[in-house]
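Next come the chains, spelled out residue by residue.
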Amino acid sequence: GEKECLNSETAELKQKVRYLQDQLVPLSKQREYQEKEIQRLNRVKIFEEDFRKERSDRERMNEEKEDLRRQVERLQGQITNLTNQNMFGFNSKLCVLFGQGFPWQMSFSQPRGARAVGESSRPPPENAGKDHGYICLQTQLAL
């Protein structure tokens, strides 16, 4: 009796354990696959985030580069304007100082003895001579 009943119950329980273990194996494999898939998707997500960040950084750097290029152009224009203003002022003062009028009113003159190619042989004005050696050039300005 009792021994046979216990043996029967034991066999039945062993059969249930095998059945449950057989069901557990695919679930364990599915869980392992899902964990690997989660890791893979996390790597993809990290890759996509890095890609977006790099693209955003590139766009930002290109915008900064364009801003700097525009600043350089603006500053170069300012330098050109200031240089033209300074040269105009310097030439005007220098030529007026030597009694030759304003740059746009003058002809090309040099210290005595020097001659530009194609220049006439008329002597330079008296005040443009050997004492100071300055050259007053004709200025072509867009006024």
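Residues numbered from 1 in each chain as written. Predicted model: local features only at pLDDT ≥ 70, side-chain atom pairs only at ≥ 80, totals over all residues. Heavy atoms only, no water.

1. Comments concerning the overall build of the chain
Phase 1 of the analysis: On a plain count of helices and strands, the chain comes out with one helix and zero strands.
Phase 2 of the analysis: In the chain, which comprises 143 residues, the share counted as buried stands at 11%.
Phase 3 of the analysis: In the chain, the proportion of contacts linking residues at least 24 apart, taken out of those at least 6 apart, comes to 47%.
Phase 4 of the analysis: Accessible surface, the chain as shown: approximately 12600 Å² in total, 55% of it carbon and sulfur. (Helix = DSSP H or I, 4+ residues; strand = E, 2+ residues; numbered from the N terminus. Buried < 20%, exposed > 50% of the residue type's maximum accessible area, 1.4 Å probe, protein only. Contact = heavy atoms within 4.5 Å. Areas by Shrake-Rupley, 256 points an atom, 1.4 Å probe, with all protein chains shown as cover.)

2. As for the pattern of salt bridges
Phase 1 of the analysis: On inspection of all chains with the given rule, the structure shows 10 salt bridges.
Phase 2 of the analysis: The closest approach of N and O atoms between R31 and E35, which form a salt bridge, is 3.2 Å. Of this pair, R31 and E35 are both found in helix α1 (residues 2-97), four residues apart, which corresponds to roughly one turn of the helix.
Phase 3 of the analysis: Judged by relative accessible area, which is 40%, E35 ranks as partly exposed.
Phase 4 of the analysis: Here the salt bridges share partners, and the residues they tie into one network are E66, D67, R69, R70 and E73. (Salt bridge = Lys/Arg side-chain N within 4 Å of Asp/Glu carboxyl O.)

3. Focus: a negative patch on the surface
Phase 1 of the analysis: A cluster of acidic residues, E48, E49, D50 and E54, forms a negative patch on the protein surface.
Phase 2 of the analysis: Relative to the elements of secondary structure, D50 occurs in helix α1. (Patch = residues over 30% accessible without salt bridge, like charges linked within 9 Å, V, L, I, M, F, W, Y side chains within 5 Å. Lys, Arg positive; Asp, Glu negative; His and termini not counted. Charge placed at Lys NZ, Arg CZ, Asp CG, Glu CD.)

4. A few points about the confidence of the model for the chain
Phase 1 of the analysis: A residue-level look at the chain finds 60% of positions with pLDDT of 70 or above and a mean pLDDT of 76.
Phase 2 of the analysis: For residues 114-122, every residue scores under 50 in pLDDT, and the model assigns this stretch eight contacts once sequence neighbours within four places are set aside.
Phase 3 of the analysis: Scored below 50 in pLDDT, residues 127-143 makes 32 contacts in the model with residues more than four places away or belonging to other chains. (pLDDT = per-residue confidence, 0-100.)

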